[in-house]
2 protein chains.
Amino acid sequence: MSKVNIKVLADQLQLSVSTISKALRDSYEISDETKKKVMELATQLNYIPNPYASSLRKKKSKTIAVVLPEVADNFFSLAINGIQSIAETKGYHVLIYLSHESFANEKTILEDCQSGRVDGVLISISSETNSADHINKLPANNIPVVFFDREQEGIETARVTTNDFDCGLMATNHLLEKGVRKPAFLSISQSLPICLNRLEGFKAAVREAGIPEEDMQIIYCTDNDSMYSQIKKILQSEHRPDGLIASVEKIVTPVYLACHELNINIPKDVKVIAFATLDTAPILNPPLTTITQPAFEIGKAAATLLFKGIEKSTFDLKKESMVIPSVLIERESTL
Amino acid sequence: MSKVNIKVLADQLQLSVSTISKALRDSYEISDETKKKVMELATQLNYIPNPYASSLRKKKSKTIAVVLPEVADNFFSLAINGIQSIAETKGYHVLIYLSHESFANEKTILEDCQSGRVDGVLISISSETNSADHINKLPANNIPVVFFDREQEGIETARVTTNDFDCGLMATNHLLEKGVRKPAFLSISQSLPICLNRLEGFKAAVREAGIPEEDMQIIYCTDNDSMYSQIKKILQSEHRPDGLIASVEKIVTPVYLACHELNINIPKDVKVIAFATLDTAPILNPPLTTITQPAFEIGKAAATLLFKGIEKSTFDLKKESMVIPSVLIERESTL
């Protein structure tokens, strides 16, 4: 292939050399449409105009990606609203990609995110994800990444989370104060830091309270479809717990349904607390005590950091990490 | 610009003429990566290989857009799952754009969808939308569009909906059978066909039952933030209804909260039925009678039609229209 320079681009696009030059510098004098044409041809022909080429190339999409496990969850839909509230002020589009808790999907999605389609990625990883290579490729390709809620260790980039360990501790202490002696922690993953941290908080609280090993349970509900029957089995076993901590929102409905089905009274027979931002929490039967995560704020903060990374290549995302605390809202399910 | 032909493309990409030719015909012998490169350069240089050029050009994104008002709604999250189940079998990405019930947002989103980013659009319109021009531009640019759930009249393209009129009638008759004499219909829009059709069903039922004009109410809750106080006011008025039809899911929580707050017993004082796919419906206090829409199936059917339109330019989407019926699930809120 012959050497590509501004003249070649100008000839091919039938534009002046100065227009091409301005377009490559992202000048306000040039229309977005023309900039797009110029950048596309420059990319196509592998023309690297200057050290900022990649950043200019990136700028053209005016789009960020949000990669998350699912949207049938109030936490994620509120977080999306927080993200969108920032993106709107920046004139950016938000594209939502769902991994459906599949590592393979997540990988394909992130490959797609490297095609110049987006300028940055906000990600909350799938429950299957336990490696970092597919995510590391993004910053390596100058696409900033910010984790929100579900992060992946082993990647040095910004993350916005909530105080999961403290809340695991706080939720468990709340149950213990209400008289629970056989607590069970319901998790969905053995690798997701949010689950691990909440679990560590749970373990610390039961240890401190002197609950014997055999009186506490840690249960993994990894399959959405079998969650209901799995929880029913636990509630029918001779080691029936008298307090449940649902470490994520989607465990709530199967827990309530199983209790109703088995005529197990919440909170008399079993007390329930859940990590959830469910807006139906106060109208459930009984109203659900929740650790309510600041979902909207987490989305907002993560997007704010991402735009700093997009707008200023010198901004060091590696140094950013933010923890926004959750709150316990007491309702009748732990009375 | 000099005439562009296959030879020019082959030279620039350092590929053989036959490879280029096969790539342009979308041959299985050629890798996706190579096809992408060829199509990009062909597009860039305005090389029109044959009458199917535009369809080939389109194919390169391997992405469809889903444009919808919000995701904090079980209907839409289930519909997305249905859409994704089809897209996955086709090897397509699904991008989700949220209009947040804003017509202006929806317009910008659809402009973005015309930039070659997506091969087709599935849309459920915002509650503010009451014109069709911004949507008509898509089929005019060879981007097939299929409506799901919330359609826009005045556009001749495929739509997958549910039997809204029948369900409005069915919901109202259910309340009347349970003894309701002063029914109120809670809507969120004066223009959305789903709301209008459900309302028409309501009107037909009350007319047939001989309910006097002054005993029925139609209430528009158009603002998410004021919904709760608006519903409270209605329940405190001297014309308090004894039966409520929530025409969309997001009306449910404010209705329950207002009743709890005012010590109004559901179903003794007021019976409630809602158009909802809420998975917490059976665990609410009391369990909620719903008109449950086949959200997953609607998403699946809409995506299936869209891919027919994408894959076969001769497939006439205008002639397609599908109605998948909803079902009434009786629970204690209308006992």
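None of these values were measured; they are calculated from a predicted model. (Residues numbered from 1 in each chain as written. Chains lettered and ligands numbered in written order. Predicted model: local features only at pLDDT ≥ 70, side-chain atom pairs only at ≥ 80, totals over all residues. Heavy atoms only, no water.)

## Topic: helix 5 (residues 74-90) of chain B
Point 1. Between its terminal C-alpha atoms helix 5 of chain B stretches 25 Å, which fits the 24 Å expected from 17 residues at 1.5 Å a residue.
Point 2. Elements in contact with the buried residues of helix 5 of chain B: strand 2 (93-98) of chain A together with strand 1 (63-68), strand 2 (93-98), strand 3 (120-123), strand 4 (145-148) and helix 12 (295-311) of chain B.
Point 3. At the C-terminal side of helix 5 of chain B, G91 of chain B shows a positive phi close to 70°. (Helix = DSSP H or I, 4+ residues; strand = E, 2+ residues; numbered from the N terminus. Expected span 1.5 Å × (residues − 1). Contact = heavy atoms within 4.5 Å.)

## Let's talk about the domain arrangement of chain A
Residues and elements named next belong to chain A.
Point 1. Per the domain assignment, the segments of chain A are domain 1 (6-59), domain 2 (63-161 + 295-325) and domain 3 (164-292).
Point 2. Here domain 2 and domain 3 have C-alpha centroids that lie 28 Å from each other.
Point 3. Of the residues lining the interface, 16 residues belong to domain 2; the matching set on domain 3 comes to twelve residues.
Point 4. Sorting the residues of domain 2 by area buried against domain 3 places N74, S127 and R150 first, and these three jointly supply 38% of that buried surface.
Point 5. Taken together, the connections running from domain 2 to domain 3 amount to three salt bridges.
Point 6. Notably, a salt bridge pairs K250 with E101, separated by 3.0 Å at the nearest N-O pair.
Point 7. Inspection of the domain 2/domain 3 interface yields four residue pairs in polar contact (both at pLDDT 80 or more).
Point 8. The element that contributes the greatest number of residues to the side of domain 2 that touches domain 3 is helix 5 (residues 74-89), accounting for three residues. (Domains from an automatic or database assignment. Buried area = accessible area lost by both parts, 1.4 Å probe. Salt bridge = Lys/Arg side-chain N within 4 Å of Asp/Glu carboxyl O. Polar contact = N/O pair within 3.5 Å; in protein donor to acceptor, adjacent residues only side chain to side chain.)

## As for the relation of the copies chain A and chain B
Point 1. Once chain A has been moved 0.3 Å along the axis and rotated by 179°, it coincides with chain B to within an RMSD of 0.9 Å. Given the turn and translation reported, the copies of this chain are related as if by a two-fold rotation axis. Across chain A, the smallest distance between a C-alpha and the rotation axis is recorded for L284 of chain A, namely 2.1 Å.
Point 2. Mapped onto chain B, 100% of the interface residues of chain A again fall at the interface, so both copies present the same surface. (Least-squares fit on C-alpha atoms with pLDDT ≥ 70 in both.)

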